[in-house]
Amino acid sequence: MSFMNESKQGSFRNLSPVGSCSLWQLGLRFLRVYLGEIDLKDKLINGVLALIKQERLNSTISNQQIITKLIHILLALSLYKGEFEQRFIEESKRFYEER
């Protein structure tokens, strides 16, 4: 079994045969392919920022493990430095100025 992608010409090309890479690598490949198509990048970044804000507001539900895993995904996709970090700093500054 392998993951296939239909190209513009209608033929299929193999993205990653199952078994030749880890599930983590397979998931990252999938995310990279579809990141722009489904506006996932902004949803991921906004979701992480919302979880961090909930955590700061002493939410009864601990989001630390989820946040850590999502940060690892942002790092693996090379989205942390260019896309996430500046927004995180701005949101943090805004949050603590309101306190």
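Anything mentioned here points back to the structure above.
Right, let's walk through the structure included here. Bear in mind that the values here come from a model prediction, so they are computed numbers and not experimental data.

**So, the packing of aromatic side chains**
For the structure on display, the rule yields three aromatic pairs. Aromatic pair Y80 and F84: ring centres 5.2 Å apart, planes at 45°, arrangement tilted. Here F84 and Y80 lie together in helix α4 (residues 80–98), a separation of four residues that amounts to about one turn. Take F84: its relative accessible area is 1%, and that puts it in the buried class. Summarising the aromatic geometry, the rings of F84 and F88 are spaced 5.6 Å apart at their centres and angled 15° between planes, so their arrangement reads as stacked. In this pair, F84 and F88 are both assigned in helix α4, four residues apart and thus about one turn of the helix distant. Members of the aromatic cluster, connected to one another through ring pairs, are Y80, F84 and F88.

**Examining helix α3 (residues 64–76)**
Here α3 contains 13 residues, and its C-alpha end-to-end distance of 18 Å stays within 8% of the 18 Å for a straight helix at 1.5 Å per residue. Turning to α3, its buried residues number three or more, namely I67, L70, I71, I73 and L74. Along the axis of α3, the buried positions cluster into a sector of 155°, meaning they face one direction only. Turned more than 90 degrees from where α3 packs its buried face, Q65 and K69 sit exposed. Residues of α3 that are buried sit in contact with α1 (23–34), α2 (40–56) and α4.

Cut-off values and rules
By convention here, each chain's residues receive numbers from 1 onward along its written sequence. Local features in this predicted model are restricted to residues of pLDDT 70 or higher, and side-chain atom pairs are both shown and tallied only at a pLDDT of 80 or more, whereas totals for entire chains, interfaces and linings draw on every residue. As a rule here, side-chain values come from all non-hydrogen atoms in the structure, and water together with hydrogens is ignored. Aromatic contacts are taken between Phe, Tyr and Trp rings whose centres are within 6.5 Å, Trp giving its six-membered ring; a plane angle under 30 degrees counts as stacked, one over 60 as edge-to-face, and the others as tilted. The helix count covers DSSP runs of H or I at least four residues long, the strand count covers runs of E at least two residues long, and both are numbered beginning at the N terminus. Type-normalised accessible area, obtained with a 1.4 Å probe on protein chains alone, sets the label of each residue: buried when under 20%, exposed when over 50%, and partly exposed for intermediate values. By definition here, a helix of n residues has an expected span of 1.5 Å times n minus one. What the arc measures is the spread of directions leading from the helix axis to the C-beta atoms. Contacts: residue pairs with any heavy atoms within 4.5 Å of one another.

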